[in-house]
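Structural characterization, general
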Amino acid sequence: MSDRDPRIFQTPVADSTTVFSKDLFKGKVLFCTGGGSGICYGMVLQMMKHGANAAIVGRKVERLTAAAKQQEKDAGNGTRCIATPGDVRKYADLEAAVAKTMETFGRIDYVICGAAGNFMAPIDGVSPNGFMTVQQIDLQGTYNTVKATINEVKRNHGVYTHVGATLHYTAIPWQAAASAAKAGIDALSQSIAVEYGPFGVRSNVIAPGMMKGTEGADRLTPKGGEEIVESRIPQQRIGDIHDCANAAVYLFSPAASYVSGTKLVVDGGAQHFPGPWLPYPDS
Ligand code: HXC
């Protein structure tokens, strides 16, 4: 039973199809690393609901193939999703995934760089190889993805959206490797925005806060402590994958045509408030 102040309002989760046209991305193609699960799965599905076809890249072939089928079923509008298995640490895998996408759909307009690896460990509890592994998946993987897709994206005046984090805007314990990698992704995204802006390419980062149903949230939320976490988020709820998916739809859409080289934080205002709340003042 909650003893939260009844005046507190949790802004509901929305669905971008109630705001943007369902044909918004008709005829466009999305290429997404990490699209088989979590936040990226939600982003791909939402883009498909707006008419895009998609290719998703991941290491686990069976899970990826099942996810692609599920995306098509969930989108329910005849859009297609193909599995293009690969490890983002290997540039040749990305070249092959791009080739398969081109063979199937003939173009790539939008790219989500979302594949990530992470674990909780203190700085002296990570081996050099452990630290490097996270950099290779998150940061080198993002570079590899950009390198493999940039010619197509330039041709179509397309858009990159990278999945970042808010970890490194301050710092949180036991996340040094992921924080360093995500900081690098912010920098890389800005470089893409500057170097390829003159070719009509945009590049931005979505920085998610705590999103329920993701590996990150599962690791960082104490069991049974969801309400305490929620009470410390100004919007009074843990984020939903839909919140990030809606943000991706906006950033890819022409409504964001002058938005490039920036970070869109999707965290209910949490980055600005370390907590805890004081007792609610009577007014
Ligand atoms: C310390 C660890 C470790 C741990 C692995 N290592 N787990 N060190 N603590 N918990 C070390 C290993 O000992 C090894 O170093 C090195 O990392 C490579 O490990 P492997 O298991 O061989 O690598 P691999 O199979 O490629 O796995 C990659 C991984 C793994 C990142 C280590 O955790 C993984 O694939 N995770 C699934 C994807 C994932 O984590 N998704 C969540 C993303 S969430 P040595 O020296 O022993 O060889 C996210 C959000 C961030 O990114 C924001 C959170 C809010």
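Conventions we followed
Residues numbered from 1 in each chain as written. Predicted model: local features only at pLDDT ≥ 70, side-chain atom pairs only at ≥ 80, totals over all residues. Near = placed C-beta within 6 Å. Helix = DSSP H or I, 4+ residues; strand = E, 2+ residues; numbered from the N terminus. Nonpolar A, V, L, I, M, F, W, Y, C, P; charged D, E, K, R; others polar. Core = buried A, V, L, I, M, F, W, Y, C linked by C-beta atoms within 7 Å. Buried ≥ 20, exposed ≤ 12 C-beta atoms within 10 Å, placed from the backbone. Contact = placed C-beta atoms within 7 Å. Axes fitted to C-alpha atoms, helices over the stretch in contact; angles between N-to-C directions. Parallel < 35°, antiparallel > 145°, perpendicular 65-115°, else oblique. Left-handed = near helix turned anticlockwise from the far one by under 90°. Expected span 1.5 Å × (residues − 1). Arc of directions from axis to C-beta. Pairing = 2+ DSSP bridges. pLDDT = per-residue confidence, 0-100.

So, on to the site of the ligand. Every one of the 19 residues lining the ligand counts as a neighbour, but Gly 117, Phe 119, Ser 127, Gly 130 and Gly 216 are closest to it. Put simply, the parts of the chain that give the shell around the ligand at least two residues each are α4 (128-155) and α6 (215-220). The element best represented in the shell around the ligand is α4, accounting for five residues. Looking at the shell around the ligand, its residues break down into ten nonpolar, eight polar and one charged.

Another point: the nonpolar core. Core analysis: the largest hydrophobic core is formed by 72 residues, its most contacted members being Val 44, Met 47, Ile 56 and Ala 248. For Val 44, the residues in contact, after removing those within four places along its chain, are Leu 30, Cys 32, Gly 35, Ala 54, Ile 56, Gln 71 and Cys 81.

Close contact between α4 and helix α5 (residues 176-196) brings their axes to 9 Å; oriented N to C, the two are set at 20°. Regarding the angle of α4 to α5, the classification is roughly parallel. Along this stretch, α4 crosses α5, giving a crossing that reads as right-handed. When α4 is examined against α5, the residues Gly 130, Phe 131, Val 134, Gln 135, Asp 138, Leu 139, Thr 142, Tyr 143, Val 146, Ile 150 and Lys 154 are found in contact with a partner set consisting of Ala 177, Ala 178, Ala 180, Ala 181, Lys 182, Gly 184, Ile 185, Leu 188, Ile 192 and Tyr 196. Along the lines of polarity and charge, the residues of the contact of α4 with α5 split into 14 nonpolar, four polar and three charged.

Moving on, we get to unusual backbone geometry. Non-glycine residue His 157 carries a positive phi angle of around 50°. Assignment of secondary structure puts His 157 in the loop between α4 and β5 (159-163). A count of 13 C-beta atoms within 10 Å places His 157 in the partly exposed class.

For helix α3 (residues 91-105), which comprises 15 residues, the first-to-last C-alpha distance of 21 Å matches the rise-based estimate of 21 Å (1.5 Å per residue) to within 8%. Burial in α3 covers these residues: Asp 93, Leu 94, Ala 97, Val 98, Thr 101 and Phe 105. Viewed end-on, α3 has its buried residues packed into an arc of 135°, placing them on one side of the element. Counted as exposed and oriented over 90 degrees from the buried face of α3: Ala 92, Ala 99 and Glu 103. On its buried face, α3 is in contact with β1 (29-33), β2 (53-57) and α4. Gly 106 sits one or two positions beyond α3 and adopts a positive phi of about 80°.

To continue, consider the sheet that holds β2. Hydrogen bonding along the main chain pairs the strands of a sheet, whether they run parallel or antiparallel. Within the open sheet, the seven strands sit side by side as β3-β2-β1-β4-β5-β6-β7. Their pairing is parallel. Each of the sheet's edge strands pairs with one partner strand only, and the pair in question is β3 (81-83) and β7 (263-266). Within this sheet the neighbouring strands show an average axis-to-axis angle of 20°, counted without direction. Strands in contact with helix α8 (residues 241-252) are β4 (110-113), β5, β6 (202-208) and β7; relative to β6, the strand with the most contacts, it is inclined by about 165°.

Moving on, we come to the pairing of β1. With five of five residues buried, β1 lies mostly within the body of the structure. Residue alternation in β1 divides its side chains into two sets, Val 29, Phe 31 and Thr 33 and Leu 30 and Cys 32, and both sets are buried. Summarising the sheet, β1 and β2 pair through five bridges and their orientation is parallel. Each bridged residue has a counterpart across the sheet, and for Val 29 the counterpart in β2 is Asn 53. Sheet analysis places β1 next to β4, joined by four bridges and oriented parallel. Bridge pairing in β4 links Cys 32 to Ile 112.

Moving on: the packing of helix α1 (residues 38-49) against helix α2 (residues 61-75). Two elements in contact, α1 and α2, have axes whose closest approach is 9 Å; the angle formed by their N-to-C orientations is 40°. The orientation of α1 with respect to α2, classified from their angle, is oblique. The two elements α1 and α2 cross, and the hand of that crossing is right-handed. For the pair formed by α1 and α2, the contact residues are Tyr 41, Val 44, Leu 45, Met 48 and Lys 49 on the first element and Ala 67, Gln 71, Asp 74 and Ala 75 on the second. Considered class by class, the residues forming the contact of α1 with α2 number six nonpolar, one polar and two charged.

Regions with low pLDDT should not have their predicted coordinates read in detail. For the protein, per-residue confidence averages 94 on the pLDDT scale, and residues scoring 70 or more make up 98% of the total. When mean pLDDT is compared element by element in the protein, β5 scores highest at 99, while α6 scores lowest at 80. For this predicted complex, the interface confidence score (ipTM) comes to 0.95, while the overall pTM stands at 0.95.

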